[in-house]
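Tertiary structure, described
Here's the letter readout for the chains.
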Amino acid sequence: MNLYEYLSEGVKHFTLIDPDKSVDYLRIARYALEAGTDGILVGGSLGITASQMEKVVKDIKSIANVPVVLFPGSLSQLTDAADGVLFLSVLNSLDPYFIIGAQVHGAVLIAKHYPRLEVISTAYVIVGDGGAAGFVSMSKPIPYTRPDIAAAYALAAGYIGFKALYLEAGSGAPQPVPPDMVRAVRKAFPRVLIVGGGIRSGEAARGVAREGPNVIVTGTLAEESPEKLGEIVRAIKQR
Ligand code: 1GP
């Protein structure tokens, strides 16, 4: 089964590890694996070098029995030590660099240097708070109160042919993506739907999981209270 098929099945939990924030990344990864997470995303908005990325991915791969996937915030975050890459285009960025500029450079790097990486084209749609991702990518986040606009982006992403859509409230967002927005996007986008940002409790995770996305991501919680990851994973599985 390739990574895309794996992501397409059921509702999974992925743990986001940002090498810039998590000095103790192996400890977090161990907690997450113990809690039953289905995969690890590695990446971040700022401050990650190529060699750091490679080391972190290799170290996590050496203990993980689940896929390790790149979630790159910049071109320096590519390595074929991972199982795949979310090849992101920030659909609601106001700067063409984040929609297609970085992707042109990234595509050449992958084709030449990392041909074994499984590439998952991913529409990145930033909502609400947006966090560092929203700020750094010059995005105009979709208001939490406008699921119809999020659904319009999702429809466009589906017609363009993206294999996945990441609905992002931003790392550490005060509120996760509201369930009615997840529902509207789920209805409009037929392929892999990933939701993240601001999920810190089993209740919040369950609220999102019930709308049927394929992957729910938690990052800040994994950094701050990794012992709570079990609660999140259980809520998703028992939704
Ligand atoms: C951020 O969606 C991820 O890109 C995870 O967000 O850190 O708020 O869990 P949190």
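Structural data are supplied above this passage.
This text gives an overview of the structure that appears in the document. Since the model is a prediction, treat every value here as computed from it, not as a measurement.

1. With respect to the packing of aromatic side chains
Under the defined criterion, the tally for this structure stands at four aromatic pairs. Each ring, one from Phe71 and one from Tyr124, has its centre 5.8 Å from the other, and the planes form 80 degrees; the classification is edge-to-face. Within this pair, whereas Phe71 is found in the loop between strand 3 (68-70) and strand 4 (84-90), its partner Tyr124 is found in strand 5 (residues 118-126), the two being separated by 53 residues in sequence. The interplanar angle of 80 degrees and the centroid separation of 5.3 Å between the aromatic rings of Tyr124 and Tyr166 together place this pair among those described as edge-to-face. With Tyr124 in strand 5 and Tyr166 in strand 6 (residues 164-168), the pair connects residues that are 42 residues apart, well separated along the chain. The class of Tyr124 is buried, set by a relative accessible area of 6%. The exposure class assigned to Tyr166 is buried, which follows from its relative accessible area of 1%. One aromatic cluster in this structure is built from Phe71, Tyr124 and Tyr166. Geometry around Tyr4 places Lys163 over its ring, the cationic atom sitting 4.7 Å from the centre.

2. A few points about the pattern of salt bridges
Tallying each qualifying case throughout the model produces seven salt bridges. The residue Lys237 makes a salt bridge to Asp38 at a minimum N-O spacing of 2.6 Å. Highlighted residues: Lys237 in helix 10 (residues 229-237) and Asp38 in the loop between helix 2 (25-35) and strand 2 (39-42), separated in sequence by 199 residues. Given a relative accessible area of 41%, Lys237 falls into the partly exposed group. Arg146 is the salt-bridge partner of Asp148, the closest N and O atoms lying 2.6 Å from each other.

3. Structural notes on the side chain of Asp18
Here Asp18 shows up in the loop between strand 1 (12-17) and helix 2. Although buried, Asp18 forms no salt bridge, and the nearest oppositely charged side chain, Lys21, lies 4.0 Å from it. Within the structure, the side chain of Asp18 is placed 2.9 Å from the backbone nitrogen of Asp20, a separation counted as a polar contact. Setting aside chain neighbours within four positions, we find Asp18 in contact with Gly43, Gly44, Ser45, Ile48 and Glu223.

4. Overview of the environment of Ile110
Looking at the secondary structure, you find Ile110 in helix 4 (residues 96-113). The sequence separation of Ile110 and Leu7 amounts to 103 residues, and the corresponding C-alpha distance is 21 Å. Excluding its chain neighbours within four sequence positions, the residues that come into contact with Ile110 are Leu78, Val85, Phe87, Pro115 and Val119.

5. Some details on helix 7 (residues 179-188)
Residues of helix 7 that are buried: Met181, Val182, Val185, Arg186 and Ala188. Down the axis of helix 7, the smallest arc covering the buried residues is 165 degrees, so these residues share one side.

6. Some details on the site of the ligand
Around the ligand sit 13 residues in total, of which Glu168, Gly172, Gly198, Gly219 and Thr220 are the nearest. Between Thr220 and the ligand, the recorded distance is 2.5 Å, taken from a side-chain N or O atom to an oxygen atom. Contact with the protein chains covers 96% of the free accessible surface of the ligand, which is 300 Å². Of the pockets mapped on this structure, the ligand occupies the largest pocket.

7. Focus: helix 3 (residues 50-63)
The end-to-end C-alpha distance of helix 3, which contains 14 residues, comes to 21 Å, matching closely the 20 Å that a straight helix rising 1.5 Å per residue would cover. All of the buried residues along helix 3 are Met53, Val56, Val57, Asp59 and Ile60. An end-on view of helix 3 places all buried positions within 165 degrees of arc, on one side of the element. Among the exposed residues of helix 3, those oriented more than 90 degrees off its buried face are Ser51 and Ser62. Along its buried surface, helix 3 packs onto strand 1, helix 2, strand 2 and strand 3.

8. Some points on the packing of helix 8 (residues 202-209) against helix 10
Across the interface, helix 8 lies against helix 10 with an axial gap of 8 Å and an inter-helix angle of 30 degrees. Taken together, the axes of helix 8 and helix 10 lie roughly parallel to each other. Relative to helix 10, the crossing made by helix 8 is right-handed. Contacts between helix 8 and helix 10 involve Gly202, Ala205, Arg206 and Ala209 from the former and Glu231, Ile232, Ala235 and Ile236 from the latter. Considered class by class, the residues forming the contact of helix 8 with helix 10 number five nonpolar, one polar and two charged.

The rules we used
- Residues numbered from 1 in each chain as written.
- Predicted model: local features only at pLDDT ≥ 70, side-chain atom pairs only at ≥ 80, totals over all residues.
- Heavy atoms only, no water.
- Phe/Tyr/Trp six-rings, centres within 6.5 Å; stacked < 30°, edge-to-face > 60°.
- Helix = DSSP H or I, 4+ residues; strand = E, 2+ residues; numbered from the N terminus.
- Buried < 20%, exposed > 50% of the residue type's maximum accessible area, 1.4 Å probe, protein only.
- Lys NZ or Arg CZ within 6 Å of the ring centre and 35° of its normal.
- Salt bridge = Lys/Arg side-chain N within 4 Å of Asp/Glu carboxyl O.
- Lys, Arg positive; Asp, Glu negative; His and termini not counted.
- Polar contact = N/O pair within 3.5 Å; in protein donor to acceptor, adjacent residues only side chain to side chain.
- Contact = heavy atoms within 4.5 Å.
- Arc of directions from axis to C-beta.
- Near = heavy atom within 4 Å.
- Areas by Shrake-Rupley, 256 points an atom, 1.4 Å probe, with all protein chains shown as cover.
- 1 Å grid on protein atoms, 1.4 Å probe; cavity = no way out; pocket = protein on both sides within 12 Å on 5 of 7 lines; lining within 4 Å.
- Sits in = over half its atoms within 2 Å of the grid points.
- Expected span 1.5 Å × (residues − 1).
- Axes fitted to C-alpha atoms, helices over the stretch in contact; angles between N-to-C directions.
- Parallel < 35°, antiparallel > 145°, perpendicular 65-115°, else oblique.
- Left-handed = near helix turned anticlockwise from the far one by under 90°.
- Nonpolar A, V, L, I, M, F, W, Y, C, P; charged D, E, K, R; others polar.

These figures come from the coordinates and say nothing about function on their own.
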